[in-house]
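An overview of the molecular structure
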Amino acid sequence: MPHDTHFLQRLARVADGHVDLAMSLYRDPALVREILASAGVPEGVTRVAISMDHPEDGPFVLVERSGRFVTCLGAGMRASDLPLVTRAKLDSVASRLAVLRERMELARRASDGAREPDSLPVWRRLLREPHLVSREDVAGLVLWMPLLRAMMYAHIADGDATSVRFRESLARNRLPGVREQIVEVYGRGLLTRRTMVQLLLGEPAELARVLEDPAQAPRTGIALLSRALRSEMLAPAACALNGLARGGKPYLACLKQGGALHKAMLPACATAIGLAHGKLRAEALKLIPEGTEEDGPLARMLEDPEFWREEALDMVRAFARALLSDLAPAMVARYGGAGHVPDQVATALSVQVPAPLRDEQGSTLLFGALPLYSRMAPEDLYLPAQVVEAVPMLGPAEFGELQVALWEANRVREPVVAAPVPGRNDPCPCGSGRKYKKCCLEG
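Reading guide: rules and limits
Residues numbered from 1 in each chain as written. Predicted model: local features only at pLDDT ≥ 70, side-chain atom pairs only at ≥ 80, totals over all residues. Heavy atoms only, no water. pLDDT = per-residue confidence, 0-100. Helix = DSSP H or I, 4+ residues; strand = E, 2+ residues; numbered from the N terminus. Buried < 20%, exposed > 50% of the residue type's maximum accessible area, 1.4 Å probe, protein only. Arc of directions from axis to C-beta. Core = buried A, V, L, I, M, F, W, Y, C linked by side-chain atoms within 4.5 Å. Contact = heavy atoms within 4.5 Å. Pairing = 2+ DSSP bridges. Salt bridge = Lys/Arg side-chain N within 4 Å of Asp/Glu carboxyl O. Polar contact = N/O pair within 3.5 Å; in protein donor to acceptor, adjacent residues only side chain to side chain. Axes fitted to C-alpha atoms, helices over the stretch in contact; angles between N-to-C directions. Parallel < 35°, antiparallel > 145°, perpendicular 65-115°, else oblique. Left-handed = near helix turned anticlockwise from the far one by under 90°. Nonpolar A, V, L, I, M, F, W, Y, C, P; charged D, E, K, R; others polar.

Description of the confidence of the model for the protein chain
Predicted confidence across the protein chain gives a mean pLDDT of 80, with 83% of residues reaching 70 or more. Across the protein chain, the element-wise mean pLDDT spans from 66 in helix α4 (residues 87-111) up to 93 in helix α20 (residues 370-373).

Here it is in structure tokens:
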């Protein structure tokens, strides 16, 4: 690629400290492309000014829409007639790209020489030890989604049949050892599908690629969400709502039509989308029925999301301080005290709580932390690897037992109707022709 000679000659206009920044941009085409993509350059505009310091006084780097470097403008030279990328925006994009590169490196290391998707270490961990999946693991899964998406969808589809077989097996097998094994296998499947549903929901356009009828992608996503919510546990619900919120607009039409989704969760789903996408808040607000129990709190979240985000942070911070002080005091000491637990760790801890949604703690965390859950990257709902190692996590067997207990508590039991008892002198119901007192009653 030929050098942009004029740009290189004009570097003499800027101070030494800014020369380094200008050259780092020049050597990083990916960063420049990301800057231009996020600048929202109007149609017909061919050049953009990138400020390396002051938004008005510069100095500036001028680049074409194609990414070619044009020139440098020294401090005090004006670029007022061009769309401007401020230094704050430049730093933000650079930071985001650095995170992306970090994730790519994580994915490279996670591959560990694997040549097939199903041999990736992060995939094997998701299937075998889903309760130990960390933030770093999920970041790696996100990068491998183009290869894993179809496998995840097939795994979930198979899990539906497994659910039926599980209940049948549990009803037949009451032997202690056999029952525990069945419950553990099923609990592992629930935790695995929690992450899969979250990642699939977040990309409805990509989900369409694995379906026979791509137009059904939003409705398929809502069906996946409904399965996660039927578990009535906090972790699957929070992860599924995170995926729904990231997926955004395609799901709103399906929510309006109802269908597979339980009406009790409709307001929370609409609120999650509205919190994640400011342009959709008015449309989401229409899906919260007036006069319902959720009407007031959820509507207020959409009207002032930043205020409720701070409220949610205060809640999860207090929760994390109490939980870590009980379960992992050494981890608290590593952070320098309970008051210094990072917000990301505090939020991820709140997701991991094995609380049923019908319990006060489960419903408070889900709805109270919705302003956080709905606006986070998928990996941020999981604990960093070092915390996973230090904090006792709920294993598949315990998670499965909780789910079974919920089903038993919610199962509709038919009333037992006693069989009619014949009178002493009535004909015996066995059909012998003798009186009941002279036949089966004596027996």
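A word on helix α19 (residues 360-368)
Within the sequence span of α19, burial applies to G362, L365 and L366. Burial along α19 is one-sided: seen end-on, the buried residues are contained in an arc of 95°.

So, the nonpolar core
Of all hydrophobic cores here, the largest spans 84 residues; its most connected members are M152, L225, L241, L244, L255, L366 and L370. Among the elements that take part in this core, helix α11 (residues 234-247) stands out by supplying eight residues, more than any other. For L366, the residues in contact, after removing those within four places along its chain, are L234, A237, A238, L241, M265, L357 and Y373. Listed in part, the 22 residues of the second largest apolar core include V32, M52, L90 and V93.

Some thoughts on the pairing of strand β1 (residues 47-54)
Where a strand is regular, its side chains alternate between the two sheet faces. Judged from the six bridges that link them, β1 and strand β2 (residues 58-64) form a sheet pairing that is antiparallel. Looking at the pairing, I50 lines up with V61 of β2. Count of turn residues in the β1/β2 antiparallel hairpin: three residues. Two strands pair when backbone bridges link them, and β1 and strand β4 (residues 84-85) are joined in this way by two bridges, in the parallel orientation. Residue pairing across strands places I50 opposite V85, the latter belonging to β4.

As for the pattern of salt bridges
Per the stated rule, a full pass over the model turns up 12 salt bridges. Here R135 makes a salt bridge to D380, at a shortest N to O gap of 3.0 Å. Of this pair, R135 sits in helix α6 (residues 135-143) while D380 sits in the loop between α20 and α21 (385-390), placing them 245 residues apart in sequence. Judged by its relative accessible area of 17%, D380 is buried.

A word on the side chain of D137
Inspection of the secondary structure puts D137 in helix α6. Here the side chain of D137 touches S134 through a polar contact of 3.0 Å, landing on its backbone nitrogen. Sequence-distant contacts of D137, that is, excluding residues within four places in its chain, are made with V122, R125 and L132.

Things to note about the pairing of β2
For β2, a buried count of six out of seven residues is recorded, marking the element as mostly surrounded by other parts of the structure. Where β2 meets strand β3 (residues 69-73), four bridges bridge the pair, whose relative direction is antiparallel. By the bridge assignment for β3, V61 is matched with C72. Connecting the antiparallel pair β2 and β3 is a turn made up of four residues, with G67 showing a positive phi of about 105°.

Some thoughts on the environment of M23
Mapped onto the fold, M23 is located in helix α2 (residues 16-26). A relative accessible area of 15% means that M23 is categorised as buried. Separated by 12 residues in sequence, M23 and L11 have C-alpha atoms that sit 8.9 Å apart. Sequence-distant contacts of M23, that is, excluding residues within four places in its chain, are made with L8 and L11.

What about the packing of α11 against helix α13 (residues 266-276)?
Direction vectors running N to C along α11 and α13 enclose 50°, while the axes themselves pass 8 Å from each other. It follows that α11 is oblique to α13 by the angle criterion. In the packing of α11 onto α13, the handedness of the crossing is right-handed. Each of L241, L244 and A245 in α11 lies in contact with α13, whose residues at this interface are C269, A272, I273 and A276. Residues belonging to the contact of α11 with α13 are distributed by class as follows: seven nonpolar, no polar and no charged.

Regarding the packing of helix α10 (residues 217-230) against helix α12 (residues 250-257)
Two elements in contact, α10 and α12, have axes separated by 9 Å at closest approach and are oriented at 65°. The orientation of α10 relative to α12 falls into the category roughly perpendicular. Here α10 and α12 pass one another in a crossing that is right-handed. Packed against α10, whose contacting residues are P218, R219, G221 and I222, the element α12 presents P250, Y251, C254, L255 and Q257 at the interface.

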